[in-house]
Amino acid sequence: MRRPAPGKTTWSTQTRKRDPPAMAGGRKVELAEALALGSGWRHACHALLYAPDPGMLFGRIPLRYAVLMQMRFDGRLGFPGGFVDAQDSSLEDGLNRELREELGEAVSAFRVERTDYRSSHAGARPRVVAHFYAKRLTLEQLEAVEAGAPQAKDHGLEVLGLVRVPLYTLRDGVGGLPAFLENSFIGAAREQLLEALQDLGLLESSSFSGLKTPAHH
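Residues numbered from 1 in each chain as written. Predicted model: local features only at pLDDT ≥ 70, side-chain atom pairs only at ≥ 80, totals over all residues. Heavy atoms only, no water.

So, about the overall build of the protein chain. Secondary structure assignment for the protein chain yields six helices and eight strands. Reading the protein chain from its N terminus to its C terminus gives the helix and strand order β-α-β-β-β-β-α-β-β-α-β-α-α-α. Per-residue burial for the protein chain yields a buried fraction of 49% across its 217 residues. Once local pairs closer than 6 in sequence are excluded, the contacts in the protein chain between residues at least 24 apart make up 69%. Of the accessible surface of the protein chain, which amounts to about 10500 Å², a share of 52% is contributed by carbon and sulfur atoms. (Helix = DSSP H or I, 4+ residues; strand = E, 2+ residues; numbered from the N terminus. Buried < 20%, exposed > 50% of the residue type's maximum accessible area, 1.4 Å probe, protein only. Contact = heavy atoms within 4.5 Å. Areas by Shrake-Rupley, 256 points an atom, 1.4 Å probe, with all protein chains shown as cover.)

This is the structure we're talking about:
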């Protein structure tokens, strides 16, 4: 591989592994800072896909939004996406390629763009920058992704299945989102999820006041 020009971002040509290994959530960095990191760093992009959902659980609990996460090959919950490769012309090109591989052809109905970018986390060990995006879909688009995911290239391999995030808390104060957050998440995925739910208004602000957010496993 050619030595990159100083300050120029290039994508690693190491042997591909589509999903970053388990790492600590890392420190938050601005996108410009992340892109200026040297060639020793790898970049990974993941996306939260969501859509308004008018459904009611048991006829009385509003679902509000359908939010997708996935069960990874390592038994942790995370968002679809993966490493950006040398042949990808941008972070978003790499992300959309990974979404097709993990979720199937239904994702061709939309494209995650730079305007959907939300945050970046840099982890020193391994030297990976995880970029996070959130894309609003129609419920029909999201359901098409769910229906087509079992036919995707990576289904049953790197991706064990999709799951919707419950955006409600049951009367016992535990069932629903609080119980969901007790699962094991990859990297900064739990933090990314909660920030997106709050910033995008997917969860009522009053729901955060009594919400227990367990520490990373």
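Leu48, Val67, Met69, Leu193 and Leu197 are the most contacted members of the largest nonpolar core, which has 24 residues in total. Broken down by secondary-structure element, the contributors of at least two residues to this core are strand E2 (42–57), strand E3 (61–72), strand E7 (128–136), helix H4 (177–180) and helix H5 (189–199). Top element by residues in this core is H5. It accounts for five residues. The contact partners of Leu193, leaving out residues within four places of it in the chain, are Leu48, Val67, Met69, Phe79, Val165, Phe180, Leu181 and Phe185. Formed by 20 residues, the second largest nonpolar core is a distinct cluster that contains Cys45, Leu139, Leu142 and Val145. (Core = buried A, V, L, I, M, F, W, Y, C linked by side-chain atoms within 4.5 Å.)

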